[in-house]
Amino acid sequence: MAIATEQPGVGAPHGGTPLDPHAIRAEFPIFRTTVHGRPLIYLDSASTSQKPQAVLDAVNGYYREYNANVHRGIYEIGERATEAYEAVRASIARFINAPDVHEVVFTRNATEAINLVAYTWGRRTIGQSDAIVLTEMEHHANLVPWQLLVQEKDGDLEFIPITDEGRLRLDVYDVLLRLRPRLVAFTQVSNTLGTINPVREMVDRAHAAGALVLIDGAQAVPHVPVDVQALGADFYVFSGHKMLAPPGSGALWARRELLEAMPPFMAGGEMIREVHLRRSEWNAIPWKFEAGTPDAAAAIGFGAAAEYLMALGMDRVRAHEHDLIAYALDTLRAELPQLTLYGPPAAERGGVVSFNVPNVHPHDVAQILDRFGIAIRAGHHCTMPLHERLDLAATCRASFNVYSTRDDIDALVDGLREVVRIFGD
Ligand SMILES: Cc1ncc(COP(=O)(O)O)c(C=O)c1O
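So, here's what we can say about the structure. None of these values were measured; they are calculated from a predicted model.

### Here's the deal with the overall build of the protein chain
And step 1. Scanning the protein chain from N- to C-terminus turns up 14 helices and 17 strands.
And step 2. Over its C-alpha trace the protein chain gives a radius of gyration of 22 Å, about what one expects of a compact globule, namely 22 Å for 425 residues.
And step 3. Expressed along its principal axes, the backbone C-alpha trace of the protein chain runs to roughly 70 × 55 × 40 Å.
And step 4. Looking at the 425 residues of the protein chain, the share that counts as buried comes to 49%.
And step 5. Of the contacts made within the protein chain by residues no fewer than 6 positions apart, 73% connect residues no fewer than 24 positions apart.

Here it is, written out as structure tokens:
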């Protein structure tokens, strides 16, 4: 099955002058630290990304110069904080090409954004026997909230299976759509296999079957240009910490009419217009969904990260990571043919490579690599059902970001040679 990689709203893996990852890396102070006396080789960006000086400065600047609660203080620094916070919303809207800045709801992360949709839109919409279609490659964040919802409402979950190469079985998807599901929810880029899913095509098919679509963009926004209008989805969620921003920042984008019809998620201050002892009126969107004091510092870092990535150019980021993944797959195959690599070819994946070294537990692999200052992830990467489908307990995962270089991959290959030497071939 062919999967188009030049999808509308995703962007082709080419675009202008290549990025200079060495110059970019110099802007990330963490790479000046050493681990076990060696330079840090960070290959766990799919878990969380490192932060550039521009983001650290933005967060620090907020605390040092205008730390105040947002939307409250009628004084200079309070107004400055509110302005900066709302300017982030505009940056994020531009980053994903949202048509209306008020359609961007700040959340703590992708997980909270998915729960927001499940608890509000989901509780109101899903009834007995209603189906929600997910995929076998979902992160637990895009699975467990839907499990809770259908358990409560007596609905059904259905799953698009994957092929052995890690592509979605769109032929089975068509069959599942005949069940007339209320929602289709899937990841744009798999955090374990790296697969870039054909979002637009899947959204069109879902809409033709009468379903709404939620896209988990947690692994997409850091790596590929995202245009929510071109993707055509109804809900789009992502976390800041994987896209160079601080943890505690993230967003839900949804069409205005959906957000307006949805009841609030959390209740308290900020999300109200008027409160009486026995009833309240909700604030306008997006603030209706932003109860309580927000993490303004994280949000300000989120805006700085989006501006940083937009200045680099997301088409160039994609081209850089495409080069890295192609190099990683070719080099690992050539230098360590005994490894098992999972997932589709480079043209169809983001900057993630999961693999196993025969007869060596992934935790042992990660521990030995750590001795060389190399950080990879070992485990199920919050995709236990996907590992079950592949009949695996765990995998090793190396993942990239804008500051990753071919030298990192060469260091990984050298480290893996050592793993093979220690454990015997
Ligand atoms: C595809 C995908 N979705 C959702 C999440 C959850 O992100 P967070 O823990 O930031 O909410 C992750 C995190 O790894 C992910 O990779």
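### Considerations on the site of the ligand
And step 1. Around the ligand, the surrounding shell holds 14 residues, and the nearest of these are N109, T111, H139, N191 and S239.
And step 2. Residues belonging to the shell around the ligand are distributed by class as follows: 4 nonpolar, 9 polar and 1 charged.

### Quick word on helix α7 (residues 199-208)
And step 1. Three or more residues of α7 are buried, namely V199, M202, V203 and A206. Projected down its long axis, α7 carries its buried residues within an arc of 100 degrees, all on one side.
And step 2. Looking at the buried positions of α7, the neighbouring elements they touch are α6 (170-177), β7 (183-187), β8 (212-216) and α8 (228-231).
And step 3. Positive phi appears at G210, one or two residues downstream of α7, with a value of about 90 degrees.

### Here we look at the environment of G268
And step 1. Along the polypeptide, G268 turns up in the loop between α9 (256-261) and β11 (272-275).
And step 2. On the basis of neighbour count, G268 is assigned to the exposed category, with 12 C-beta atoms found within 10 Å.
And step 3. Along the backbone, G268 and W287 are 19 residues apart, and their C-alpha atoms lie at a distance of 11 Å.
And step 4. Residues in contact with G268, not counting those within four places in the same chain, are A291 and G292.

### Focus: the sheet that holds strand β10 (residues 250-254)
And step 1. The strand order β4-β10-β9-β8-β7-β5-β6 describes an open sheet built from 7 strands, whose pairing is mixed. The open sheet terminates on both sides in strands that have one partner only, identified here as β4 (104-107) and β6 (156-160). Taking each pair of neighbouring strands and ignoring which way they run, the sheet shows an average axis angle of 20 degrees.
And step 2. Examined bridge by bridge, β4 and β10 share 4 bridges and lie antiparallel to one another. For V105, the partnering residue across the bridge sits in β10 and is L252.
And step 3. Contacting β4, β8, β9 (235-239) and β10, helix α4 (residues 110-125) crosses the sheet at an angle of about 35 degrees to β10.

### Comments concerning the nonpolar core
And step 1. Counting residues in each nonpolar core, the largest one holds 126 residues, and the members touching the most others are I96, A233, L252, I300 and A305.
And step 2. Broken down by element, the residue count for this core peaks at 11 residues, all from helix α10 (residues 296-312).
And step 3. The residues contacting A233, other than those within four sequence positions of it, are V199, V203, V213, L214, I215 and V228.

### Some points on the sheet that holds strand β16 (residues 377-379)
Adjacent strands of a sheet form backbone hydrogen bonds with each other and so pair up, either parallel or antiparallel.
And step 1. Pairing within the open sheet is antiparallel, and its 4 strands lie in the order β13-β14-β17-β16. Edge strands, defined here as strands with exactly one partner in the open sheet, are β13 (340-342) and β16. On average, each strand axis in the sheet is tilted by 30 degrees relative to the strand beside it, whichever way the strands run.
And step 2. Where strand β14 (residues 352-356) meets strand β17 (residues 395-399), 4 bridges bridge the pair, whose relative direction is antiparallel. When the bridges of β17 are listed, V353 appears paired with A398.
And step 3. Sitting on the sheet, helix α11 (residues 314-335) touches β13, β14 and β17, and the angle it makes with β14 is about 20 degrees.
And step 4. Together, β14, β16 and β17 form the strand contacts of helix α12 (residues 362-371), whose direction differs from that of β16 by roughly 160 degrees.

Each value, and the rule that gives it
- Residues numbered from 1 in each chain as written.
- Predicted model: local features only at pLDDT ≥ 70, side-chain atom pairs only at ≥ 80, totals over all residues.
- Helix = DSSP H or I, 4+ residues; strand = E, 2+ residues; numbered from the N terminus.
- Rg over C-alpha atoms; globule rule 2.2 N^0.38 Å.
- Buried ≥ 20, exposed ≤ 12 C-beta atoms within 10 Å, placed from the backbone.
- Contact = placed C-beta atoms within 7 Å.
- Near = placed C-beta within 6 Å.
- Nonpolar A, V, L, I, M, F, W, Y, C, P; charged D, E, K, R; others polar.
- Arc of directions from axis to C-beta.
- Pairing = 2+ DSSP bridges.
- Axes fitted to C-alpha atoms, helices over the stretch in contact; angles between N-to-C directions.
- Core = buried A, V, L, I, M, F, W, Y, C linked by C-beta atoms within 7 Å.

Remember, this is a structural readout, not a statement about activity or role.
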